[in-house]
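Residue-level structure breakdown
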Amino acid sequence: MRLANPFAKPEVSRRAFLRGAGVCLALPWLEAFTGRTARGQASTPLRFVPIFFPNGAAADFWGPSGEGRGDAWSLSPILQPLAPLKPKMTVLTNVENYTSMQDNPGVEPSHARCAGAFLTCVDADLARQELRVEVANGTSFDQVLAQNLPRETPFASLQVGLSTIESFCDGRHCSLSQSISWKSPTEPLYKEVNPQTVFDTLVGSLNAGGSAEADLESQRRRALEQSVLDAVAESATRTRLRLGFDDSHRLDQFLESVREVETQVQNMGNPARSSTCEPLARPDLAASYGLANGQNGYHRGNHAAVMNKLVLLALQCDATRIISYMLDDARSDFVYDHLQNRRFDPSGSEPDNGQVGGYHGLQHAGDSNNGYATINWWLTQQVCDLCQMLDAIDEGGRSLLDNSVVLYGSGMHGTNHDANELPLVLLGSGGGRLRTDQHIKFPPTPNDRPLRDLYFTLAKEIYDADISSFGRSIKGANHQLMSEILV
Amino acid sequence: MNDNARPFGCQRQRNASGPYHGSTLGLLTVCTLFAACSGSVSRDADPIGSRGTLDGGVEATDPSTTRNADDPAQSGSEANTTPTPNGSNGDATSAELTPSTPSTDAAQGFVRVRRLSNREYNNTVRDLLGTTLTPASNFLKETAHGFDNIAGSLGMTATQYAAYFGSAADVAKDVFSNEKLRAPFETCGARNPDSACVDATIQSFGTRALRRPLTSDEVRTYRDVYDRAVDLELSSVEAFEQVVRAMLSSVEFLYRLEFAQPATEPTGNTQPGSNEYELASRLSYFLWSTMPDAALFDAAASGQLSDLTGLSAHVERMLASPKASALVDSFAWQWLGMQTLESHAVLSDSFPEWDEPLRAAMLGEAREYLTHFVLGDAAWKDFLSADLHFVNARLAAHYAASNVSADNMAFAPYAGDTPSRIGFMGTAAFLTVSSFAHRTSPTLRAKWVLDALLCAPPPPPPAQLTIPDLDADEAANQAASIDNVRERLALHRSDPNCASCHQYLDPLGLALENFDAIGRYRQEYDDGTPIDATGELPDGTPLAGLPDLVSFIGKDDRFLRCTADKLFTYAMGRAPTAQDAPALADVRAGWQAEAPTFRRLVEQLAVSVPFTQRQEASQE
């Protein structure tokens, strides 16, 4: 690179540039910690991290025994990987999200609808009929938070996941199977599954700048990007007028996306909001993530480990405070053959023989199926790994996990595909406002508690978000505060 | 309307009076009709693509999204609802709503706004610029109706646009770092080039990039990009790199747009020939999955596509081009689920023989077989029944074919060795991709037959029905092979909830039981019990093995209709609606009148009214 000339032609690609920037943001741990403390009395950021898993859980091994707090309850076989975090979690039993099924008799509550409703509490089928567009749902709770809370981070939210490029749909539009976050009722926010892309996005946003030459170079790079985006927007605006009425909304969608990318480009020039980041190398695509060939050369375990680190990086660096994380697509029949079967009984599980098969096929093999439970158990392990990393970060008396609400759960119960008795776990205490180490058992159906009440309660009591309602209830019930989860 | 006139795929009536609690009534009504109702075109107007794919599992479709476009009971109720999915407690409206067909799908003719599919994007940047990069291989997939090019399904979110924006820069960089590829942009000289030369270069490249001549406004927009880059001390060639990058980032490149009104130039003249350029793009993306070539652009510019003779001549020319292999690699590949085989998992515990060379051999045969029928002179009616397969050495061994001398790599046709293995459903590729990772699934195979070949997907299992575990007493459910699938399914059918559909599904799927989950011929299960591939449909039709299954489907006129419907969906970027029925009938009549090869169907569709006409704008 001809660095002598501040306007030398950029010979490295945009991505390579970001890669270089990654080195700059790495700081030693102590210094990072000091930086945080030096910020004084700034209010501690609260995070929200919904972690979705598909296909429900093997119900015979999911539910904890006992109820209440502390010693009154103990972890179930599938949840046993979370033992180190038991004091920091709450399991919810008998929470329902009936929204998505009950007014459609004779129809199996499908994976796509249940996944679509997981963070929206809206039946996507109904939304599509009402809105008369192909792609529809409700705005998801993570986005309601992102839109209602003051924006203090480079990204309002992030969406990540672990499926492969050859991922799963469920008969409906793939947005319902492949994303759980919806910016609006017609805008799915697809998750990013490529760790390198997540890394580049994060590092780009956090670039704190380097030498004067690099600054000038990056200024010119941004000027060129701005010029390209100006041309794109100018041309699309003109083109929009030549299209018929029916089609102009598609151009509106395009222009909106261009504007968002423009904002990101502009953000890249701003100094980092936080310097509390730990070093992380750019993920090695070949080793961690077999993009092209589905299972061929791909290792789900490596993928999860890398993605967990990226989620940690994003939260620790305060690149965003809201991350939705899909551990797999709805109705995934991904073959978890990197796992060895475990044999489950009510007291726990132990290694057994044979490879685990396709997730969805095993779901249909029953609520006591060992392969099904093994996948659930392994996914729980990944959540535990992430949460332990979050818990290791001290934010001045509380850990990052303490300052978060991690919601680990599925949109469907188990083998029966129903949307009641959802498997749901809360981790972290939302900055000390959530009561932990408890198993809350609400009354069974039909007196069970709606999932939308959980979100409503989190919004009002944890995040102080000003909303009056969230999602829908087919029972027609008003919101009820889920006070059981609160301190 | 009369239920008996509807195809199976649309027997999706619901009991509106209350929740369904697992009574057999609803399902019996649904399932007993399907074999008998072959009287109408599949007019599935579902815009989302409720068609199941082969990506695993047994219940890919959902009744509530599959509707009959010509059913007045379903289409008349859509007007009076308010969009409130996220408003406060919108509970009250829920109960009264009935499914309706979104208005966007009711239109006729060609879809006017259609983003390039990932495949089309890769092919287009290759043909436009000569790059070998394939950035869209990492883009999000948005499949609907089983295809990756459905207009209504191809959206644009900020995440997606960021990927396009980044990829435009990468492609431009790749091209401009290659001396040969950037040559067209060096004709104006390196410094202080003639202004007219810059504009001319923008116009000539832009005509190919945007697939039509640029308006003077558009030339000026890209000239601004060029000038700005020069202001930032970039050379002329480097400035053109930014122009290319801008065009590749534009909506006019990323989408195929068809305008309601022609552009008006400052002179007052309208831009000539815009319809012709749009038709050229329709043809090239349908037949080639890429941008028009020089001959097609010339034809558009000189008005050759406006009459049937000129149009037909170009269709014929294009089908003879190697680029027509896109009809195999894209259309047939997706329709018949072959892309799923590329990532299909087989458990090595169950099939230690499975390896990548075997997968490659299966894919190789599929490509040969499909090319033979899609682009060759073979009659389409023989697609399912031909005594013809293509094997290399590995596949010959896999098929236990003794009378063929195949070498390691090349595929040789063979016939007559194993009479039970005929037609497409006899290929290991199909038999594998329609199985689970550890065993065959007669249900999955039957569902595939109904869905892909007859356009009549079965409904999913009813709500609140616990599906019996076919693998239940296998040791610890370790995904071991089931010893005898047939016996397990018989137990399954003893439940009337299941029997109503499985009495149809099981005979279809069990007819293929002589082929294991990686397509090997077998006569007994692993436990030594003999395979019985016979069965009887509820109407008494006996089915014994693959030949009977093939003959049963071959006699069903839904097979040819379904073939035409699938091609229509792929070509138009939307599913056929009731309004398309007459045109589709014409296409089929023209197809069957003479030389009923698949090519002939393609030719008929390419000159059909829906394909060549413009979609009418709504009066809203």
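The structure we're discussing is the one just above.
So, how was this worked out
Residues numbered from 1 in each chain as written. Chains lettered and ligands numbered in written order. Predicted model: local features only at pLDDT ≥ 70, side-chain atom pairs only at ≥ 80, totals over all residues. Heavy atoms only, no water. Helix = DSSP H or I, 4+ residues; strand = E, 2+ residues; numbered from the N terminus. Buried < 20%, exposed > 50% of the residue type's maximum accessible area, 1.4 Å probe, protein only. Contact = heavy atoms within 4.5 Å. Areas by Shrake-Rupley, 256 points an atom, 1.4 Å probe, with all protein chains shown as cover. Expected span 1.5 Å × (residues − 1). Core = buried A, V, L, I, M, F, W, Y, C linked by side-chain atoms within 4.5 Å. Axes fitted to C-alpha atoms, helices over the stretch in contact; angles between N-to-C directions. Left-handed = near helix turned anticlockwise from the far one by under 90°. Nonpolar A, V, L, I, M, F, W, Y, C, P; charged D, E, K, R; others polar. Salt bridge = Lys/Arg side-chain N within 4 Å of Asp/Glu carboxyl O. Pairing = 2+ DSSP bridges. Patch = residues over 30% accessible without salt bridge, like charges linked within 9 Å, V, L, I, M, F, W, Y side chains within 5 Å. Lys, Arg positive; Asp, Glu negative; His and termini not counted. Charge placed at Lys NZ, Arg CZ, Asp CG, Glu CD. Polar contact = N/O pair within 3.5 Å; in protein donor to acceptor, adjacent residues only side chain to side chain. Phe/Tyr/Trp six-rings, centres within 6.5 Å; stacked < 30°, edge-to-face > 60°. Lys NZ or Arg CZ within 6 Å of the ring centre and 35° of its normal. Disulfide = S-S within 2.5 Å.

Attention now moves to the overall build of chain B. Assigned secondary structure in chain B consists of 25 helices and 6 strands. Expressed as a percentage of its 620 residues, the buried residues of chain B come to 61%. The contacts in chain B between residues at least 6 apart in sequence include a share of 70% that link residues at least 24 apart. Total accessible area on chain B is roughly 21800 Å²; 53% of this is exposed by carbon and sulfur atoms.

Quick look at the overall build of chain A now. Counting its regular elements, chain A contains 14 helices and 16 strands. For chain A, with 487 residues in total, the buried portion stands at 65%. Taking the intrachain contacts of chain A between residues at least 6 apart in sequence as the baseline, contacts between residues at least 24 apart amount to 75%.

Our next topic: helix H11 (residues 300–316) of chain A. Residues and elements named next belong to chain A. Over its 17 residues, H11 extends 24 Å from the first C-alpha to the last, a length consistent with the 24 Å expected when each residue adds 1.5 Å. When you tally the buried positions in H11, you get 14 out of 17 residues, the bulk of the element. Of the residues trailing H11, Asp318 is marked for its positive phi of about 55°.

This part takes up the nonpolar core. Counting 165 residues, the largest nonpolar core has Phe254 of chain A together with Tyr161, Phe286, Leu327, Phe383, Phe424 and Met425 of chain B as the members making the most contacts within it. Sort the elements by how many residues they give to this core and helix H15 (residues 356–374) of chain B lands first, with 9 residues. Core analysis: the next-biggest nonpolar cluster, separate from the first, contains 64 residues, Phe53, Cys317, Leu379 and Leu390 of chain A among them.

Looking now at the environment of Thr239 of chain A. Within the fold, Thr239 of chain A resides in helix H8 (residues 212–242). With sequence-adjacent residues up to four places away left out, Thr239 of chain A is seen in contact with Leu251 of chain A together with Glu218, Glu252, Leu257 and Phe259 of chain B.

With that settled, consider the packing of helix H13 (residues 326–335) of chain B against helix H22 (residues 558–572) of chain B. Residues and elements named next belong to chain B. One way to put it is that H13 packs onto H22 with a least axis distance of 11 Å and a crossing angle of 115°. In this structure, H13 meets H22 at a crossing whose hand is right-handed. Between H13 and H22, the contacting residues are Ala326, Leu327, Ser330, Phe331, Gln334 and Trp335 on the first element and Thr563, Lys566, Leu567 and Tyr570 on the second. When its residues are assigned to classes, the contact of H13 with H22 shows 6 nonpolar, 3 polar and 1 charged.

On to unusual backbone geometry. Along the chain, Thr445 of chain A connects to Pro446 of chain A via a cis peptide bond; the corresponding omega equals 10°. Along the chain, Pro446 of chain A turns up in the loop between strand E15 (438–441) and strand E16 (449–450). Backbone geometry at Asp437 of chain A places phi at a positive 55°, although glycine is not the residue there. Among the structural elements, Asp437 of chain A can be located in the loop between strand E14 (424–427) and E15. Among the residues examined, Asp437 of chain A registers a relative accessible area of 16% and is labelled buried. The phi torsion at Cys455 of chain B lies on the positive side, around 55°, for a residue other than glycine. With respect to the element layout, Cys455 of chain B can be found in the loop between helix H18 (442–453) and helix H19 (485–493). By relative accessible area, Cys455 of chain B is classed as buried at 3%.

Our focus in this paragraph is the pattern of salt bridges. Residues and elements named next belong to chain B. Counted under the stated rule, the structure contains 47 salt bridges over all chains. Of the charged contacts in the structure, one is a salt bridge between Asp127 and Lys323, with a shortest N-O distance of 4.0 Å. Residue Asp127 is located in helix H4 (residues 118–129), and its partner Lys323 is located in the loop between helix H12 (308–320) and H13; the two are separated by 196 residues in the primary sequence.

One face of the sheet, then the other: side chains in a regular strand alternate in exactly this way. Residues and elements named next belong to chain A. Burial along strand E7 (residues 158–161) is two-sided: Leu158 and Val160 and Gln159 and Gly161, pointing in opposite directions, are all buried. Here E7 pairs with strand E10 (residues 323–326) via 4 bridges, running parallel. When the sheet's bridge partners are listed, Gln159 is paired in E10 with Ser324.

Our next topic: a negative patch on the surface. Residues and elements named next belong to chain B. A cluster of acidic side chains, namely Glu487, Glu524, Asp526 and Asp527, defines a negative patch on the protein surface. Mapped onto the elements, Glu524 comes out in the loop between helix H20 (496–510) and strand E5 (534–536). Among the residues examined, Glu524 registers a relative accessible area of 48% and is labelled partly exposed.

Let us look at the side chain of Thr290 of chain B. Residues and elements named next belong to chain B. Within the secondary structure layout, Thr290 lies in the loop between helix H10 (274–287) and helix H11 (294–301). In this structure the side chain of Thr290 is engaged in a polar contact, spanning 2.8 Å, whose partner is the side chain of Asp127. Those residues in contact with Thr290 that lie beyond four places of it in its chain are Asn123, Thr124, Asp127, Ser284, Tyr285 and Lys323.

Per the counting criterion, the structure on display carries 49 aromatic pairs over all chains. Ring geometry for Phe424 of chain B versus Trp448 of chain B: centroids 6.1 Å apart, planes at 25°, classification stacked. Taken together, the positions of Phe424 of chain B in the loop between strand E4 (412–414) and helix H17 (428–433) and Trp448 of chain B in helix H18 put the pair 24 residues apart, joining distant regions of the chain. By relative accessible area, which is 5% here, Trp448 of chain B ends up buried. A cation sits over an aromatic face here: Arg242 of chain A above Phe259 of chain B, 3.7 Å from the ring centre. One cation-aromatic arrangement involves Arg421 of chain B over Tyr399 of chain B; the distance from NZ or CZ to the ring centre is 3.8 Å.

Before going further, it helps to spend a moment on helix H24 (residues 598–606) of chain B. Counting buried residues in H24 of chain B gives 9 out of 9 residues, a clear majority hidden from the surface. Inspection of H24 of chain B places Phe598, Arg599, Arg600, Leu601, Val602, Glu603, Gln604, Leu605 and Ala606 of chain B among the buried residues, and these make up the whole buried set.

What follows covers the sheet that holds E10 of chain A. Residue and element names in this part refer to chain A. On the basis of which strands lie adjacent, the open sheet formed by 8 strands has the order E3-E15-E5-E14-E13-E1-E10-E7 and mixed pairing. Two strands bound the open sheet, and with one partner strand each, they are strand E3 (68–69) and E7. Note: strand E1 (residues 47–52) against E10, 2 bridges, orientation parallel. Bridging from a neighbouring strand, Phe52 pairs with Met326 of E10. Contacts from H11 reach E1, E7 and E10 within the one sheet, and its direction differs from that of E10 by about 175°. In the packing of helix H14 (residues 451–462) onto the sheet, the strands contacted are E1, strand E5 (89–93), strand E13 (404–409) and E14, and the crossing angle to E13 comes to about 170°.

Residues and elements named next belong to chain B. One can describe the packing of helix H5 (residues 158–176) onto helix H8 (residues 236–248) by two numbers: an axis separation of 8 Å at closest approach and a directional angle of 145°. Between H5 and H8 lies a crossing of right-handed hand. Between H5 and H8, the contacting residues are Phe165, Ala168, Ala169, Val171, Ala172, Lys173 and Phe176 on the first element and Val237, Phe240, Glu241, Val244, Arg245 and Leu248 on the second. Across the contact of H5 with H8, the residue classes tally to 10 nonpolar, no polar and 3 charged.

Right, let's get into the environment of Asn123 of chain B. Residues and elements named next belong to chain B. Its place among the elements puts Asn123 in helix H4. By relative accessible area, which is 16% here, Asn123 ends up buried. Sequence separation between Asn123 and Asp565 is 442 residues, and the spatial gap between their C-alpha atoms is 25 Å. Dropping the residues within four chain positions of it, Asn123 is found in contact with Trp288, Ser289 and Thr290. Only 3.0 Å separates the side chain of Asn123 from the backbone oxygen of Ser289, close enough to count as a polar contact.

A few words now on the pairing of strand E12 (residues 348–355) of chain A. All names here are of chain A. Pairing analysis gives 5 bridges linking strand E11 (residues 340–345) to E12, with the strands arranged antiparallel. Directly across from Arg342, in E12, lies its bridge partner Pro351. The antiparallel pairing of E11 with E12 creates a hairpin that spans 2 residues between the two strands.

All right, on to the state of the cysteines then. Under the counting rule described, the total for this entry stands at 2 disulfides over all chains. Note on cysteine connectivity: Cys188 of chain B is disulfide-linked to Cys197 of chain B, with sulfurs 2.0 Å apart. Looking along the S-S bond of the Cys188 of chain B-Cys197 of chain B disulfide, the torsion reads about -90°, which is the left-handed sense. Between the sulfur of Cys455 of chain B and that of Cys562 of chain B lies a disulfide, 2.1 Å long from S to S. The chirality of the disulfide connecting Cys455 of chain B with Cys562 of chain B is right-handed, given an S-S dihedral of about 80°. Note that Cys455 of chain B is positioned in the loop between H18 and H19 and Cys562 of chain B in helix H22, a separation of 107 residues in sequence. We note that Cys455 of chain B, like Cys562 of chain B, is buried. Left unpaired, Cys114 of chain A is separated from the closest cysteine sulfur, that of Cys121 of chain A, by 12 Å. Residue Cys114 of chain A is classed as buried on the basis of its relative accessible area of 2%. With no disulfide of its own, Cys387 of chain A lies 7.1 Å from the sulfur of Cys384 of chain A, the closest cysteine sulfur.

Nothing here speaks to function; it is geometry throughout.
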